[in-house]
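These are the residues of each chain, in order.
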Amino acid sequence: MLEIHHIHFPTIDSTQDYLKRECKNLDPNLLFCVTADEQTKGRGRGQNKWLSPPEKNLYISFHFVGEEMQNIAQLLSISTMKYLSLPLSFKWPNDLLMNHRKIAGIISEIVDSTHVISGLGLNVLMTEEECQTIDQPATSLLIETKKTYSIFELALGIASEFQQDLHLLKEQGFATFVPFINEHLAYKGKLMEIPSRGKTVKGIVREVTPKGTLLLEGPDGQLFTCH
Ligand code: BTN
């Protein structure tokens, strides 16, 4: 199992961009983990910004050196769900929902085909008013559970779960996570538009396949998969 090396910044532009800048200088035998109290340029997938006010949420990114690993992008979502053990659902390709609202987003990027950088933004202490400033239905652990989670403890717990899951993924492949992800898959049986490799595909959500693709059903009942 890779050893975790954790560094924390009171403020940073983006934990994701820090690791993208530094990745070539990092020890390939470590699982590097960066957290921050706030991000001044937090970003989501595509062109989206990620609201990152100080000491409200978890902003965490991981770096490791990996060969082609199937579904590495979805692994941090899985580890987060496993660690939190709350009724969360997984919206393909990489959002976590609670009570139909987004509570976390995950981004996974690869630099030079070997440096994997996976980042998680998890809404922890944001209030209802603060969540309403986000441009899509959003929620937080505080709103959903009424509990004041420690952001630091969440970081350590999720990092440790991710460390173990990364090991499992390398040893056993993605198929070992498929039952769990299907149990938590959002919008099963619903017609959805899914972003996939820069395009949008439309179909009824069926399941995540053992190969780690999403199985959809088209208008004539034909089945097809997307990444
Ligand atoms: C998304 O849903 O679009 C993905 C959001 C990812 C946000 C996290 S917060 C920590 C890391 N640093 C960033 O700038 N982005 C990711």
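Bear in mind that the values here come from a model prediction, so they are computed numbers and not experimental data.

Chemist: Go over the overall build of the chain, please, and point to the residues and values.
Modeler: In terms of helices and strands, the chain carries six helices and eleven strands. Against the 2.2 N^0.38 benchmark of 17 Å for 227 residues, the chain shows a C-alpha radius of gyration of 17 Å, consistent with a compact globule. If one aligns the C-alpha atoms of the chain with their principal axes, the spans along those axes are about 55 × 45 × 30 Å. Relative to its full complement of 227 residues, the chain shows a buried share of 51%.

Chemist: Describe the pattern of salt bridges, with residues and values.
Modeler: Two side chains carrying opposite charge are able to pair once their charged atoms lie near each other. Within this structure, the stated rule accounts for 13 salt bridges. Lysine 82 is the salt-bridge partner of glutamate 161, the closest N and O atoms lying 3.7 Å from each other. Residue glutamate 161 is found in helix 5 (residues 151-172), and its partner lysine 82 is found in helix 2 (residues 72-84); the two are separated by 79 residues along the sequence. Glutamate 161 sits in the buried class, given a relative accessible area of 17%. Residue classification places lysine 82 among the partly exposed residues on the basis of a relative accessible area of 28%. As a salt-bridge pair, glutamate 144 and arginine 101 come within 3.8 Å of each other at their nearest N and O atoms. With glutamate 144 in helix 4 (residues 141-145) and arginine 101 in strand 6 (residues 101-111), this residue pair connects regions lying 43 residues apart in the sequence. With a relative accessible area of 22%, arginine 101 lands in the partly exposed category. Where salt bridges share partners, they join Asp17, Lys20, Arg43 and Glu109 into one cluster.

Chemist: Help me get a handle on helix 1 (residues 15-22), residues and values and all.
Modeler: Every buried residue of helix 1 is listed here: Thr15, Gln16, Asp17, Tyr18 and Leu19. Contacts made by the buried residues of helix 1 are with strand 1 (3-12), strand 2 (30-39), strand 3 (57-65), strand 6 and strand 7 (115-123). The distance from a side-chain oxygen at the start of helix 1 to the backbone nitrogen of glutamine 16 is 3.2 Å, and the residue carrying that oxygen is serine 14.

Chemist: Tell me about the nonpolar core, residues and numbers included.
Modeler: Counting residues in hydrophobic clusters, the biggest one holds 49 residues, and the most contacted among them are Leu58, Phe64, Leu120, Leu122 and Leu214. Top contributing element to this core by residue count: helix 5, with eight residues. Non-local contacts of leucine 122, meaning those with residues more than four positions away in its chain, are made with Asn57, Leu58, Leu84, Ile103, Ala104, Leu141, Leu154 and Ile158.

Chemist: Quick rundown of the packing of aromatic side chains? Include the residues and the values.
Modeler: Each pair of aromatic rings is reported with the distance of its centres and the angle of its planes. Using the criterion set out here, one finds five aromatic pairs in the structure. Geometrically, the ring pair formed by phenylalanine 62 and phenylalanine 162 is tilted, given 4.6 Å between the ring centres and 40 degrees between the ring planes. With a gap of 100 residues between them, phenylalanine 62 in strand 3 and phenylalanine 162 in helix 5 connect regions that are remote in the sequence. Phenylalanine 162 shares its class with phenylalanine 62; the two are buried. Geometrically, the ring pair formed by phenylalanine 174 and phenylalanine 177 is tilted, given 6.3 Å between the ring centres and 40 degrees between the ring planes. Overall, the relative accessible area of 0% leaves phenylalanine 174 in the buried class. Linked through ring pairs, Phe62, Phe64 and Phe162 together constitute an aromatic cluster.

Chemist: Report on the site of the ligand, specifying residues and quantitative values.
Modeler: Taken together, 19 residues are adjacent to the ligand, and Ser14, Gln39, Arg43, Arg45 and Lys102 come closest. The side chain of threonine 15 places a nitrogen or oxygen atom 3.1 Å from a nitrogen atom of the ligand. Contacts to the ligand include arginine 45, whose backbone N or O atom sits 2.7 Å from an oxygen atom. The fraction of the free accessible surface of the ligand (420 Å²) that becomes covered by protein chains is 99%.

Chemist: Residue-level account of unusual backbone geometry, with values.
Modeler: A cis amide bond links tryptophan 92 to the next residue, proline 93, at an omega of 10 degrees. Of note, proline 93 is situated in the loop between strand 4 (88-91) and strand 5 (95-98). Unusually for a residue other than glycine, histidine 100 sits at a positive phi of about 70 degrees. Although it is not a glycine, serine 113 sits at a positive phi angle of roughly 65 degrees. With respect to the helices and strands, serine 113 occurs in the loop between strand 6 and strand 7.

Chemist: Mind laying out the sheet that holds strand 3, listing which residues take part and the relevant values?
Modeler: Pairing is mixed in the open sheet, where seven strands are placed in the order 1-2-3-7-6-5-4. Of all the strands in the sheet, just strand 1 and strand 4 have a single pairing partner and so form its edges. When the angles between neighbouring strand axes are averaged without regard to direction, this sheet yields 20 degrees. Alignment of strand 3 against strand 7, held across nine bridges, turns out to be antiparallel. By the bridge assignment, tyrosine 59 is partnered in strand 7 with glycine 121.

So, how was this worked out
- Residues numbered from 1 in each chain as written.
- Predicted model: local features only at pLDDT ≥ 70, side-chain atom pairs only at ≥ 80, totals over all residues.
- Heavy atoms only, no water.
- Helix = DSSP H or I, 4+ residues; strand = E, 2+ residues; numbered from the N terminus.
- Rg over C-alpha atoms; globule rule 2.2 N^0.38 Å.
- Buried < 20%, exposed > 50% of the residue type's maximum accessible area, 1.4 Å probe, protein only.
- Salt bridge = Lys/Arg side-chain N within 4 Å of Asp/Glu carboxyl O.
- Contact = heavy atoms within 4.5 Å.
- Polar contact = N/O pair within 3.5 Å; in protein donor to acceptor, adjacent residues only side chain to side chain.
- Core = buried A, V, L, I, M, F, W, Y, C linked by side-chain atoms within 4.5 Å.
- Phe/Tyr/Trp six-rings, centres within 6.5 Å; stacked < 30°, edge-to-face > 60°.
- Near = heavy atom within 4 Å.
- Areas by Shrake-Rupley, 256 points an atom, 1.4 Å probe, with all protein chains shown as cover.
- Pairing = 2+ DSSP bridges.
- Axes fitted to C-alpha atoms, helices over the stretch in contact; angles between N-to-C directions.

On their own, these measurements won't tell you what the molecule is for.
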